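If you want the building blocks of each chain, they are given just below.
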Amino acid sequence: METLLLDAARPEALEHAAQLLRAGRLVAFPTETVYGLGARGLDPDAVERIFIAKGRPHSDPVILHVADATWVRELVRETPPLLATLAEAFWPGPLTVVLPRSARVPDLVTAGMDSVAVRVPAHPVALELIRRVGEPIAAPSANLFGRTSPTVAHHVLQDLAGRIDAVLDGGSTTVGVESTVLDLCGEQPAILRPGGITREALEAVLGCAVYLRGAAAGDDTAPQRSPGLLTRHYSPRAEVLLYDGPDAAVYSAVRRVARESDPRTTALLLFSEDLEPLRDLAGERVDLGSRADPAQAAHALYAAFRDLDARGIRRILVRTAPPAGLGAALNDRLTRAASGRVHRPGADGNAA
Ligand code: TXA
Ligand code: MG
């Protein structure tokens, strides 16, 4: 099939995209986090096309995107009391909540589980599209399974040209990493995937502790509350070597490995503060912005991965950010890209 590239700024393009979706077809569209691959969410045949196009296993459930919180009612058996507070504070926005599902939701959407994930995206194109279709839109990130999520329309085409009906081009996404997935089915709210809404923000609004559950990157032995959260995920083709620790220890480990690596196929993904201390190293360098501003690095990360792949880079050296705020989501994605291996130079018995 030919994949149409539609300019989201044109009203007729939005209507065309809505028509395709209503007809059960696949349309990729921008959200504030990453591009999603949309299909009518309550139509199993349409949702099945998503799995085929992405090469995604059926064990991985998808998020339903709705236009506002009132749409959640028909999708759930009950509404946890915290939901209203969260919706008020964070919707539209990069927060996905996992709720007890109703019989309206196809098994394919939930991977047969008893819960459904829902969010209201904070992007005018996404919201207008959902309103025009008039029903929830199932949308995983619009990449081939296992690849990094697309943050511009061109990334979607790299992975899915010829496999989907259309891409609505709405420019670059703002957040750059996926939504936070928060499970409200248990006794306590628990983060299944750190993302665009920080744990600190959730705790401040809820006034209670929010746990980071099971799915910690690097631990595939923990029970998979969120089956999509396999460690090797969100990865470039290049090998990613991730370093964590104080400046001096990280610099000397990075320096040693960089010197052993082929500078033509090695890249340093650096925070601005690290550019100067590591200026002696050869190889491609990418500036992720200040370590004090992980939101900027999160915004740039996936595009940097794709760009380095396109330039034939085989090895990427990168360090973790301080874990506060969006640093948690950034470190989670870096850890997954590094297949769960974090080098902690200087830490006891675990030198790089
Ligand atoms: O920002 C985002 O969330 C983007 C945009 C397009 O909205 N979407 C996205 O979807 O990242 P996807 O499918 O790539 O990731 C959704 C994650 C997966 O890890 C999946 O396992 C988890 O949410 N998930 C979906 N339904 C779930 C459920 N019922 N219970 C637990 N986890 C669920
Ligand atoms: Mg994804």
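Please read all numbers here as calculations on a predicted model, not as lab measurements.

Across its full length, the protein carries 11 helices and 16 strands. Computed over C-alpha atoms, the radius of gyration of the protein comes to 20 Å, within 12% of the 20 Å expected from 2.2 N^0.38 for 352 residues, which places it in the range of a compact globule. In terms of overall dimensions, the protein has a C-alpha envelope of 55 × 45 × 30 Å along the principal axes. Scored against the burial criterion, the 352 residues of the protein give a buried share of 56%. Across the protein, the fraction of contacts at a sequence separation of at least 24, relative to all contacts at a separation of at least 6, is 67%. As displayed, the protein has an accessible area near 13,900 Å², and 52% of this comes from carbon and sulfur atoms. Separation of charge centres in the protein, based on 38 positive and 43 negative side chains, amounts to 3 Å.

Before going further, it helps to spend a moment on the packing of helix H1 (residues 11-22) against helix H5 (residues 124-133). At their nearest, the axes of H1 and H5 sit 9 Å apart, and the two run at 50 degrees to each other. Regarding the angle of H1 to H5, the classification is oblique. The crossing of H1 and H5 is right-handed. When H1 is examined against H5, the residues Pro11, Leu14, Glu15, Ala17, Ala18, Leu21 and Arg22 are found in contact with a partner set consisting of Val125, Glu128, Leu129, Arg132 and Val133.

When we look at burial in helix H3 (residues 82-90), the residues that qualify are Leu83, Leu86, Ala87 and Phe90. Seen end-on, H3 carries its buried residues on one side only, within an arc spanning 100 degrees. The exposed residues of H3 that point more than 90 degrees off its buried face are Ala84 and Glu88. Elements that come into contact with the buried residues of H3 comprise strand E5 (95-100), strand E9 (180-183) and helix H7 (199-206).

This next bit is on the sheet that holds strand E13 (residues 266-270). Strand order in this open sheet of 5 strands is E14-E13-E15-E12-E16, and the pairing throughout is parallel. The sheet is open, and its two borders are formed by strand E14 (284-287) and strand E16 (342-343), each paired with just one other strand. As paired elements, strand E12 (residues 239-243) and strand E15 (residues 315-319) share 5 bridges and run parallel to each other. In the strand pairing of E15, Tyr243 is matched with Arg319. Taken strand by strand, helix H8 (residues 247-260) contacts E12, E13 and E15, and its axis lies near 175 degrees from that of E15. Sheet contacts for helix H11 (residues 327-337): E12, E15 and E16; angle to E12, the most-contacted strand, approximately 130 degrees.

A few words on the nonpolar core. Nonpolar side chains tend to gather and get buried jointly when the protein is soluble and globular. Within the largest apolar cluster, 67 residues are counted, with the highest numbers of intra-cluster contacts made by Leu37, Leu86, Leu95, Ile164, Leu168 and Leu202. Formed by 30 residues, the second largest nonpolar core is a distinct cluster that contains Val175, Phe271, Leu308 and Ala337.

Our next topic: the sheet that holds strand E8 (residues 166-169). Pairing is mixed across the open sheet formed by 11 strands, whose spatial order is E1-E8-E2-E3-E7-E4-E6-E5-E9-E10-E11. Among the strands making up the open sheet, the edge pair consists of strand E1 (4-7) and strand E11 (211-212). Examined bridge by bridge, strand E2 (residues 27-29) and E8 share 2 bridges and lie parallel to one another. Its bridge partner being in E8, Val27 is matched across the sheet by Ala166. Packed on one face of the sheet, H1 meets E1, E2, strand E3 (36-40), strand E7 (137-138) and E8 and runs near 135 degrees to E1.

A word on the pairing of E9. Side chains of E9 alternate between two faces, with Thr180 and Leu182 and Val181 and Asp183 buried alike. For E5 and E9, the ladder comprises 4 bridges, and the chain directions are parallel. Note on E9: the bridge partner recorded for Thr96 is Val181. With 3 bridges joining them, E9 and strand E10 (residues 190-193) adopt antiparallel strand pairing. Bridge pairing in E10 links Val181 to Arg193. Between E9 and E10, which pair antiparallel one after the other, the connecting turn spans 6 residues.

What the rule picks out here adds up to 30 salt bridges. For Glu32, the salt bridge identified is with Arg119, shortest N-O distance 2.8 Å. With Glu32 in the loop between E2 and E3 and Arg119 in strand E6 (residues 115-119), the pair connects residues that are 87 residues apart, well separated along the chain. Put simply, Asp159 and Arg306 hold a salt bridge, and the shortest N to O gap is 3.1 Å. Highlighted residues: Asp159 in helix H6 (residues 153-160) and Arg306 in helix H10 (residues 294-310), separated in sequence by 147 residues. Residue classification places Asp159 among the buried residues on the basis of a relative accessible area of 7%. A relative accessible area of 4% places Arg306 in the buried class.

Turning next to H6. Listed in full, the buried residues belonging to H6 are Ala153, His155, Val156, Asp159 and Leu160. Around the axis of H6, the buried residues are gathered within 155 degrees of arc, so they sit on the same side. Tucked into the core, H6 has its buried residues touching E1, E2, E3, helix H2 (44-54), E8 and H10. Two residues or fewer past H6, Gly162 is found with a positive phi of approximately 85 degrees.

Thresholds applied
- Residues numbered from 1 in each chain as written.
- Chains lettered and ligands numbered in written order.
- Predicted model: local features only at pLDDT ≥ 70, side-chain atom pairs only at ≥ 80, totals over all residues.
- Heavy atoms only, no water.
- Helix = DSSP H or I, 4+ residues; strand = E, 2+ residues; numbered from the N terminus.
- Rg over C-alpha atoms; globule rule 2.2 N^0.38 Å.
- Buried < 20%, exposed > 50% of the residue type's maximum accessible area, 1.4 Å probe, protein only.
- Contact = heavy atoms within 4.5 Å.
- Areas by Shrake-Rupley, 256 points an atom, 1.4 Å probe, with all protein chains shown as cover.
- Lys, Arg positive; Asp, Glu negative; His and termini not counted.
- Charge placed at Lys NZ, Arg CZ, Asp CG, Glu CD.
- Axes fitted to C-alpha atoms, helices over the stretch in contact; angles between N-to-C directions.
- Parallel < 35°, antiparallel > 145°, perpendicular 65-115°, else oblique.
- Left-handed = near helix turned anticlockwise from the far one by under 90°.
- Arc of directions from axis to C-beta.
- Pairing = 2+ DSSP bridges.
- Core = buried A, V, L, I, M, F, W, Y, C linked by side-chain atoms within 4.5 Å.
- Salt bridge = Lys/Arg side-chain N within 4 Å of Asp/Glu carboxyl O.

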